[in-house]
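Commentary on secondary and tertiary structure
Okay, here's what each chain looks like letter by letter:
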Amino acid sequence: MAVDYSALKAGGFMRQKQKDNFSLRLRTVGGTVTAEQLRTVQAVADEFGEGYIHLTSRQGIEIPFIKLADIEVVKKRLAEGGVETGVCGPRVRTVTACQGGRCCPSGCIDALDLAEKLDARYFGRELNHKFKFGVTGCQNNCLKAEENDFGVKGGVQVAWKEDACIACGVCVKACRREAITLTDGRITVDEQKCNNCGRCNRSCPTDAWDVTPGYLVSFGGTFGNSLKFGEELLPFITDEDTLLRVADATIDFFAENGLPSERFFKTLERVGIDKFKVVVTKAYNGED
Amino acid sequence: MADYQITDRVDITDVVCPVTFVKAKVALEELDEGDILSVHMNDGEPVQNVPRSIKEEGHQILKLEDNGDGTYDLIVRKVGE
């Protein structure tokens, strides 16, 4: 019987150059793998692979040299140990994320929590081409938001609290965008310069800022054969429902307008990014 | 405004990150609770980051004085033993 390599690829079995060998991609979210899952992966790599794994460029795990004849038993063994297989091909890929606010002092949002929600909502969805989500917790951008088709970057909106401020001037220097000025004991923030990094708040000795966490979204990034930074098309998003509406609209737009083997940024170029901007702006505003 | 008396001073303009913060931290460790340390630092990365690190150690920042010559004096009250 002929082997359906396409179906295997869709299920994470990546055909190797060595005949009847596959590098098996596993399902991960935000690069988080439990110790129990690791033990399962270790056992499968020892018994069915060649005793090693490969960490992928997008926070995934692959187990190389899985034999064609072992595919079903490997899937079963992994499932018993709480490990799912991943995906490849024209569909929503692994959602990447940094540790964000759960662990990192710089994190403005819980990037892992959001990645889990995006994964639950979209992972494996069939499209005309691959589609990548990435979530980074702050402007340090460890997770490189703009290289994804849909990149999310955590940030904060800040508002000065006059009563709590001692006019020490630390925030003026902490700001890397020169957005803050201190004149006669009063702080002003140039919103055109502010990039929502929150360094003013973190450095403030008296917590004289009201902070609202939220998301900056970039669209249409890729770092493969072509290099393209995702573009920010919307204002700062301060609630998760709005973010998910925008994500839904983005995926639907790609599903409706994308051509086979056409990455999202190419679709945007062909159809017109202005047309897309109208669509996501409506989603942002909660309009139908 | 200057309702504090400086107990000690430390100059961190002769070192670079992360020794800037380490030097300030060591100077604070030698003081008693409530003492005031003046930390002399350069513009740029030190003044962007050292105040935040000192805050995160739990000390109280009172003032950042611009000396007008590319250096700053950060006035810190020690909190804790």
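Since we're looking at a predicted model, the values are computed, not measured.

1. What to know about the overall build of chain B
Helix and strand content of chain B: two helices and four strands. Beginning at the N terminus, the succession of helices and strands in chain B can be written as β-α-β-α-β-β. On C-alpha atoms alone, chain B measures out to a radius of gyration of 11 Å, which is about the 12 Å that the 2.2 N^0.38 rule sets for 81 residues. Principal-axis analysis of the C-alpha atoms places the extent of chain B at approximately 30 × 25 × 20 Å. Here chain B holds 81 residues, and the buried ones make up 28% of them. For chain B, contacts bridging at least 24 residues in sequence account for 61% of all contacts bridging at least 6.

2. Description of the interface of chain A and chain B
Often the size quoted for an interface is simply the accessible area lost on bringing the parts together. On the side of chain B, ten residues touch chain A, which itself brings nine residues to the contact. Among the secondary structure elements, those contributing two or more residues to the side of chain A that touches chain B are α5 (170–174) and α6 (199–203) of chain A. Of all the elements, α5(A) adds the most residues to the side of chain A that touches chain B, at three residues. Looking at the side of chain A that touches chain B, its residues break down into four nonpolar, two polar and three charged.

3. Quick word on the sheet that holds strand β2 (residues 21–25) of chain A
Residues and elements named next belong to chain A. Pairing is antiparallel across the open sheet formed by four strands, whose spatial order is β1-β2-β4-β3. With one partner strand each, in any of the chains shown, β1 (13–15) and β3 (54–55) form the two edges of the open sheet. Bridge count between β2 and strand β4 (residues 61–67): four bridges; the pairing is antiparallel. Counterpart to L24 in the pairing with β4 is I63.

4. Concerning the pairing of strand β10 (residues 209–219) of chain A
Residues and elements named next belong to chain A. Bridge analysis of strand β7 (residues 150–160) against β10 gives eleven bridges, and the strand direction is antiparallel. Along β10, the bridge assignment pairs A159 with D210. Bridge analysis of β10 against strand β13 (residues 231–232) gives two bridges, and the strand direction is antiparallel. Along β13, the bridge assignment pairs S218 with E232.

5. Notes on unusual backbone geometry
Residues B:C17 and B:P18 are joined by a peptide bond in cis, for which omega reads 5°. Its place among the elements puts B:P18 in the loop between β1 (8–11) and α1 (19–29). Positioned with a positive phi, A:N141 is a non-glycine residue whose angle comes to about 60°. With respect to the secondary-structure elements, A:N141 resides in the loop between β6 (133–136) and β7. By C-beta crowding, A:N141 is classed as partly exposed, having 16 other C-beta atoms within 10 Å. With a phi angle near 50°, A:E178 is a residue other than glycine that sits in the positive phi range. Note on placement: A:E178 falls in the loop between α5 and β8 (180–183). The exposed category is assigned to A:E178, around which 10 C-beta atoms lie within 10 Å.

6. Remarks on the domain arrangement of chain A
Residue and element names in this part refer to chain A. Partitioning chain A into domains gives domain 1 (5–80) and domain 2 (96–155 + 214–285). Once you take the C-alpha centre of each, domain 1 and domain 2 turn out to be 27 Å apart. With six residues of domain 1 in contact, the opposing surface of domain 2 contributes seven residues.

7. What about the pairing of strand β4 (residues 71–77) of chain B?
Residues and elements named next belong to chain B. Residues Y72, L74 and V76 point to one face of β4 and are all buried, whereas T71, D73, I75 and R77, pointing to the other face, are not buried. Strand direction decides the pairing type here: strand β2 (residues 36–42) and β4, joined by seven bridges, are antiparallel. From the neighbouring strand, M41 faces β4, where its bridge partner is Y72. Two strands pair when backbone bridges link them, and strand β3 (residues 60–66) and β4 are joined in this way by six bridges, in the antiparallel orientation. From the neighbouring strand, I61 faces β4, where its bridge partner is V76. Joining the antiparallel neighbours β3 and β4 is a turn of four residues, in which G68 adopts a positive phi near 75°.

Definitions and limits used
Residues numbered from 1 in each chain as written. Chains lettered and ligands numbered in written order. Predicted model: local features only at pLDDT ≥ 70, side-chain atom pairs only at ≥ 80, totals over all residues. Helix = DSSP H or I, 4+ residues; strand = E, 2+ residues; numbered from the N terminus. Rg over C-alpha atoms; globule rule 2.2 N^0.38 Å. Buried ≥ 20, exposed ≤ 12 C-beta atoms within 10 Å, placed from the backbone. Contact = placed C-beta atoms within 7 Å. Nonpolar A, V, L, I, M, F, W, Y, C, P; charged D, E, K, R; others polar. Pairing = 2+ DSSP bridges. Domains from an automatic or database assignment.

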